[in-house]
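Spelled out from the first residue to the last, the chains are:
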Amino acid sequence: MKIARRGLGLLAAAPLLPVAAQAQPAFPTRPVRMVVPYPPGGATDVIARMIAEKLSAQWGQPVVIENRAGAGTTIGAEVVARSEPDGYTLYETTSAHTISKSLYRNLSYDPIRDFTAITLTAIIPLVLVVAKRVPATDLASFVAWGKAQPHGVTFGTTGNGTAQHLTAALFKLKAGVNAEFVPYRGDAPLNTDVLAGLVDASFSTLSAVLPYIKSGDMKAIGLAHNRRMDAIADVPTFAESGMADFEAATWFGTFAPAGMTNALREKIARDISAIVAEPAFTQRLVEMGSDVTNLPPARFDQFIAAETARWAEAVRVSGATVN
């Protein structure tokens, strides 16, 4: 009895932990899957694998990439939306996530309501590139040349309703240039035809065309960003070229299913943020043509709301829709 009383006395003297701290389970205790809604090899897949490798070492559990490509990222998104919000299913996606809400008429999930936004990792701005045969060296001369073409300008895109397509549609209206949009199944075939001069131009992610800009095989006309990028420091922004408020980018961020606890959300965000802040990781993103932007959960929520509204307007203006 004396021992029992002593034990009770020690417990009574100890400070009580908050309920949330007492109940918070260890994480992770088993492998985590990170769904990527694109095929292997693209920028999203590369960034996801960079994060997954570091998280695996940090967490002591494998973080396994699961590529669920197709249907404009909606196949992968649906897998995540139907998963448990326990942290064992993460989702590495792009600006397509905020476009899909207004682009698709019959989504089986809600891109906002059915997801927990964790952190924004990087932004890769779009750059207007033209084929070498196009006799333009800056935005003004490209617009003038485009208006003089009897059949308009051909813009290659990575598909109907993508950021590249919607940006080209907005440019068409803002610049007053007649344009035809030619869809491709990804950056590789699109770049092949721009290099061959089979299409006049494209709004491409900087990472996808940076080698061709540096080699001189494509001409960069303008950067759709709020500042110049070190990788192509001599290429002006659209604002510098006289077209204000014209910015477009593909961003990369981490999500989870809706319903995740705030404590777990904050933990995963902190762990990913620490990885992105590592100099070697940051340098790798910069080499890909990325603007490293590490947003915490609350600010990422605000960013997602703003992006959803912005792309909704672009979808409305372009008339793009997918059943």
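The coordinates are above.
Engineer: Help me understand the packing of aromatic side chains in this model?
Structural biologist: Two aromatic rings are characterised by how far apart their centres lie and by the angle between their planes. A full pass over the atoms with the stated rule returns 22 aromatic pairs. The interplanar angle of 75° and the centroid separation of 5.8 Å between the aromatic rings of Tyr-109 and Phe-115 together place this pair among those described as edge-to-face. With a relative accessible area of 6%, Tyr-109 lands in the buried category. Among the aromatic side chains, those forming a connected cluster through ring pairs are Phe-142, Trp-145, Phe-155, Phe-171, Phe-181, Phe-203, Phe-238 and Phe-246.

Engineer: Help me understand the side chain of Thr-89 in this model?
Structural biologist: Here Thr-89 shows up in strand β3 (residues 89-94). Here the side chain of Thr-89 touches Arg-33 through a polar contact of 3.0 Å, side chain to side chain.

Engineer: Would you mind going over the packing of helix α8 (residues 187-195) against helix α9 (residues 206-215) with me for this structure?
Structural biologist: Between two packed helices, what matters for the description is the angle formed by their axes and the separation of those axes. Interaxial distance between α8 and α9 falls to 11 Å at its minimum, and their mutual angle equals 30°. Relative to α9, the element α8 is oriented roughly parallel. Classified by chirality, the crossing of α9 by α8 is right-handed. Contact residues: α8 offers Asp-187, Asn-191 and Leu-195, while α9 offers Ala-208, Val-209 and Tyr-212.

Engineer: Just checking my understanding: could you explain the layout of surface pockets for this structure?
Structural biologist: Here the largest pocket is characterised by a volume of approximately 1100 Å³. Top contributing element to the lining of the largest pocket by residue count: helix α5 (residues 96-103), with 4 residues. For the lining of the largest pocket, the class distribution of residues is 20 nonpolar, 19 polar and 3 charged. Around the second largest pocket, the lining comprises 20 residues; the ones closest to its centre are Glu-247, Ala-248, Ala-249, Glu-307 and Arg-310. With 5 residues, helix α12 (residues 297-318) is the single largest residue contributor to the lining of the second largest pocket. Here the lining of the second largest pocket is built from residues that sort into 10 nonpolar, 4 polar and 6 charged.

Conventions adopted
Residues numbered from 1 in each chain as written. Predicted model: local features only at pLDDT ≥ 70, side-chain atom pairs only at ≥ 80, totals over all residues. Heavy atoms only, no water. Phe/Tyr/Trp six-rings, centres within 6.5 Å; stacked < 30°, edge-to-face > 60°. Buried < 20%, exposed > 50% of the residue type's maximum accessible area, 1.4 Å probe, protein only. Helix = DSSP H or I, 4+ residues; strand = E, 2+ residues; numbered from the N terminus. Polar contact = N/O pair within 3.5 Å; in protein donor to acceptor, adjacent residues only side chain to side chain. Axes fitted to C-alpha atoms, helices over the stretch in contact; angles between N-to-C directions. Parallel < 35°, antiparallel > 145°, perpendicular 65-115°, else oblique. Left-handed = near helix turned anticlockwise from the far one by under 90°. Contact = heavy atoms within 4.5 Å. 1 Å grid on protein atoms, 1.4 Å probe; cavity = no way out; pocket = protein on both sides within 12 Å on 5 of 7 lines; lining within 4 Å. Points joined across faces, edges and corners; volume = space filled by probe spheres on them. Nonpolar A, V, L, I, M, F, W, Y, C, P; charged D, E, K, R; others polar.

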